[in-house]
Structure formats: structure tokens, C-alpha cells
Amino acid sequence: MKILHSSDWHLGQSFFTQNRKDEHQQFLDWLLLVVEAQQIDVIIVAGDVFDTGTPPSYAREMYNRFVVALQAHRCTLIVLGGNHDSVSVLNETRGLLSCLNTHVIASVLEDPADQVVELKDKNGETGAFVCAIPFIRPRDVLVSAAGQSTDEKKQHLGDAIKAHYRSVYDVAAGRREASGKAVPIIATGHLTALGVSASSSVRDIYIGTLEGFAADGFPPADYIALGHIHRPQKVAKSEHIRYSGSPVALSFDELGTQKQVVLVSFEGSTTPVIEALPVP
């Protein structure tokens, strides 16, 4: 099972009036070449597919064309909503794209089981389970209470996010046990983990409450594919918890960063072989 981890495409971005359409199209064309050359089974886009909640029509068209082009490669696509994405925009084509081997999880769903995606290998056998967790809005997991201090709000939000991860992971672990196969479990996320290096183009998510999510709050998944931070990096010095970063520089302070996607391979084991593929 070969998984390609990417995030923060920000299709439709206009940077100081400079349209990024050509750069993004070149990236998507290159990504299709990588899928073919590496025989990728799954692409995970860990949030912020679009730059705004009202992306221009060319950005939506670019996204849809990529989904269609991917079908020639027998590759599954998993798209997670990010803080820049509109839930309604992603959901408007969710049903249609589900017929094109694409899973769109735009927001937290009521039933945690609906956020577990079973992946098939080339032989049609169960190859992995994905805990498909998008950007978590506080209202998705918390009920506001009057009179809470700032520290209490931080604690409650962190605990709620941790509990959501655990509930989805428990479903995936149960399905793995029922399958009788020792297949990997991959989790996703679109958030700020504690201790990471951000850039000026990264927008604060939880203003006034949660500065970052502690790495020990993640479930014991075999790989955790994160989005939101635009610089590629590991979390808490853990090889298997990573930000892929954005595929193109989104601010001037990212110019010195080598952009990449992350190739995660599971060859008959739940221990991944991880390789960074530089974006040209």
C-alpha cells in the first residue's frame, strides 16, 4: 500500500494580485506523473484544498479535472476540509465524486464510523483504514458553557479534540480486528500541533483559546498525515507524525523551504517507509 500525503493546495490563491493558476496546474500535472511512476494507491489531501470559502470557478474546475484525470491511475483520493475550505462548497460535489473513487470529508460527522475509510489494495483486499479527520471546529465537539476561564476553555477544547480522535480510531481498530488482517491505520488532521514552525501565511485557527494540540493527544495510528502548517516537518520528533507542507510557497518567508509531498509505503508491515518527494 502506497500513500501520498499532501495538503494546503490553496487553489485559487491570489498573492498580491498575482494569480497562482499556472503554478498550481503544474503541480497537479506533476502529481499525476508521480502517481503513475510510483504506482500510488491513495492520495490524502489533509485540508485547505481551496484558498477561500468562495473559490473562483477556475479553481473548482482545476480540482474537478484532477479528480477525473486520477481515475486512469486506479488511485483513491481522500480530501479533508481545512479551515480555509467551505464545508458547503466541498459537500456540493461530494456525492458525485464518491462515484469517482474519491472520499470527501468536509467537516466532523455525527457518527464517527462515517469518518473511517477502508482502503483496498490492487487485489481488492483490505489494505488499510483511514481515520479521516478534517479541521475540527469547536462547535463540532463542544457545547459552550458560561463563566469558563481561558485555561478551562483550552483544556476542554483539547480534551474534546482528543476524544474525537479516539472515537474514530476505536472504530477503525474494531474494523481492523474484524477483518482479521494486520493492516495499518492512518489518521489525518488539520490543526496546529505544539512546537511546530509556522509561516506568515498560516492563519490562526483557535484565536484566544488553543495555541496548539499536544502530540500525545493523537491516537496510536501507524501514520498521521497533517495539514495547516505550510512548512514540511515532523511533530514531536516522531517520524510517523508529519506535516507535508504546501506544494507552492504561499508567503515570502517560505521561499527558502523545499516544498514536498510525502510518500508513505507499507510493505507487508504496519511500520511505514517514509520518503519526502521534492516538488520541482
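Note that the coordinates shown come from a computational prediction; the quantities given were computed from them, not determined experimentally.

S.K.: Looking at this structure, I do not really get the overall build of the protein. What am I missing?
M.R.: When helices and strands are counted, the protein shows 6 helices and 14 strands. Here the protein has a C-alpha radius of gyration of 18 Å; the compact-globule value for 280 residues is 19 Å, and the two agree. The dimensions of the protein, computed from C-alpha atoms along their principal axes, are 55 × 55 × 35 Å. The 280 residues of the protein split such that 54% are buried. For the protein, contacts bridging at least 24 residues in sequence account for 72% of all contacts bridging at least 6. Carbon together with sulfur atoms contributes 50% to the accessible area of the protein, which is approximately 12400 Å² in total. Averaging the positions of the 24 positive and the 32 negative side-chain charges in the protein gives two centres separated by 1 Å.

S.K.: Could you clarify how one ought to interpret the sheet that holds strand β11 (residues 233–235) in this entry?
M.R.: Two strands in a sheet stick together by hydrogen bonds in their backbones, pointing the same way (parallel) or opposite ways (antiparallel). One open sheet holds the 6 strands; their spatial order is β7-β8-β9-β10-β12-β11, and the pairing between them is mixed. The open sheet is flanked by β7 (116–120) and β11, the only strands paired with a single partner. In this sheet, adjacent strand axes meet at a mean angle of 30° when their direction is disregarded. Across 3 bridges, strand β10 (residues 223–227) lies against strand β12 (residues 238–243) in parallel orientation. The residue of β12 that forms the bridge with leucine 226 is tyrosine 243.

S.K.: Hey, could you run me through the packing of aromatic side chains in this one?
M.R.: Aromatic ring pairs are defined here through the distance separating the ring centres and the angle between the ring planes. Tallied over the full model, the rule gives 10 aromatic pairs. Their ring planes at 80° and their centres at 4.9 Å tell us that phenylalanine 15 and phenylalanine 16 sit as a pair that is edge-to-face. Judged by its relative accessible area of 64%, phenylalanine 16 is exposed. Through successive ring pairs, a cluster of aromatic residues spans Trp9, Phe27, Trp30 and Phe66.

S.K.: I would appreciate a short explanation of the nonpolar core in the present structure.
M.R.: For soluble globular proteins, nonpolar side chains are generally found buried alongside one another. Core analysis: the biggest nonpolar cluster contains 34 residues, and Leu4, Trp9, Leu31, Ile43, Tyr63 and Phe66 have the highest contact counts within it. Ignoring anything within four residues of it in the chain, the contact list for tyrosine 63 reads Leu11, Val49, Phe50, Val79, Leu90, Thr93, Leu97 and Val104. Counting 28 residues, the second-largest nonpolar core is a separate cluster that includes Ile133, Ala172, Leu226 and Ile241.

S.K.: Please clarify how the confidence of the model for the protein should be interpreted in this entry.
M.R.: Detailed reading of predicted coordinates is not advised where the pLDDT is low. Here the protein averages 91 in pLDDT, and 94% of its residues register 70 or above. Confidence, expressed as mean pLDDT per element, reaches its minimum in the protein at helix α5 (residues 138–141) with 82 and its maximum at strand β4 (residues 42–46) with 98.

S.K.: Help me understand the sheet that holds strand β5 (residues 76–80) in this model?
M.R.: What the 6 strands build is an open sheet, ordered β6-β5-β4-β1-β13-β14; its pairing is mixed. Every interior strand has two partners, whereas the edge strands, β6 (102–105) and β14 (273–278), have only one. Going from strand to strand, the sheet's axes swing by 20° on average, the running direction of each strand aside. Those strands touched by helix α2 (residues 57–70) are β4, β5 and β6, and its axis lies near 155° from that of β5.

S.K.: What is the right way to look at the pairing of strand β9 (residues 185–190) in this model?
M.R.: Both faces of the sheet carry side chains from a regular strand, because those side chains alternate between them. Within β9, 6 of the 6 residues are buried, leaving the element largely enclosed by the surrounding structure. Side chains Ile185, Ala187 and Gly189 project from β9 onto one buried face, and the interleaved Ile186, Thr188 and His190 project onto a second face that is buried too.

S.K.: What am I meant to see in the environment of valine 235 here?
M.R.: Tracing the sequence through the fold places valine 235 in strand β11. In sequence terms valine 235 and alanine 193 are 42 residues apart; their C-alpha atoms lie 7.1 Å from each other. If we ignore the near neighbours within four places in the chain, the residues touching valine 235 are Ala193, Val196, Ala215, Leu226, Ile241 and Tyr243.

S.K.: What is the right way to read the side chain of aspartate 85 from this model?
M.R.: On the secondary structure map, aspartate 85 appears in the loop between β5 and α3 (87–92). Looking at aspartate 85, its side chain comes within polar contact range of the main-chain nitrogen of glycine 82, at 2.8 Å. Setting aside residues no more than four positions away along its own chain, aspartate 85 makes contact with Gly47, Asp48, Val49, Phe50, Leu80, Leu90 and Arg137.

S.K.: Quick question: what am I supposed to make of the packing of helix α1 (residues 21–38) against α2 here?
M.R.: What describes two packed helices is the angle between their axes and the distance between those same axes. Closest axis-to-axis distance for the α1/α2 pair is 11 Å, and the angle between their directions is 10°. Taken together, the axes of α1 and α2 lie roughly parallel to each other. Residues Lys21, His24, Gln25, Leu28, Leu31, Leu32 and Val35 of α1 lie in contact with α2, whose contacting residues are Tyr58, Met62, Arg65, Phe66, Ala69 and Leu70. Taken together, the residues that form the contact of α1 with α2 break down as 9 nonpolar, 2 polar and 2 charged.

Rules and cut-offs
- Residues numbered from 1 in each chain as written.
- Predicted model: local features only at pLDDT ≥ 70, side-chain atom pairs only at ≥ 80, totals over all residues.
- Heavy atoms only, no water.
- Helix = DSSP H or I, 4+ residues; strand = E, 2+ residues; numbered from the N terminus.
- Rg over C-alpha atoms; globule rule 2.2 N^0.38 Å.
- Buried < 20%, exposed > 50% of the residue type's maximum accessible area, 1.4 Å probe, protein only.
- Contact = heavy atoms within 4.5 Å.
- Areas by Shrake-Rupley, 256 points an atom, 1.4 Å probe, with all protein chains shown as cover.
- Lys, Arg positive; Asp, Glu negative; His and termini not counted.
- Charge placed at Lys NZ, Arg CZ, Asp CG, Glu CD.
- Pairing = 2+ DSSP bridges.
- Axes fitted to C-alpha atoms, helices over the stretch in contact; angles between N-to-C directions.
- Phe/Tyr/Trp six-rings, centres within 6.5 Å; stacked < 30°, edge-to-face > 60°.
- Core = buried A, V, L, I, M, F, W, Y, C linked by side-chain atoms within 4.5 Å.
- pLDDT = per-residue confidence, 0-100.
- Polar contact = N/O pair within 3.5 Å; in protein donor to acceptor, adjacent residues only side chain to side chain.
- Parallel < 35°, antiparallel > 145°, perpendicular 65-115°, else oblique.
- Nonpolar A, V, L, I, M, F, W, Y, C, P; charged D, E, K, R; others polar.

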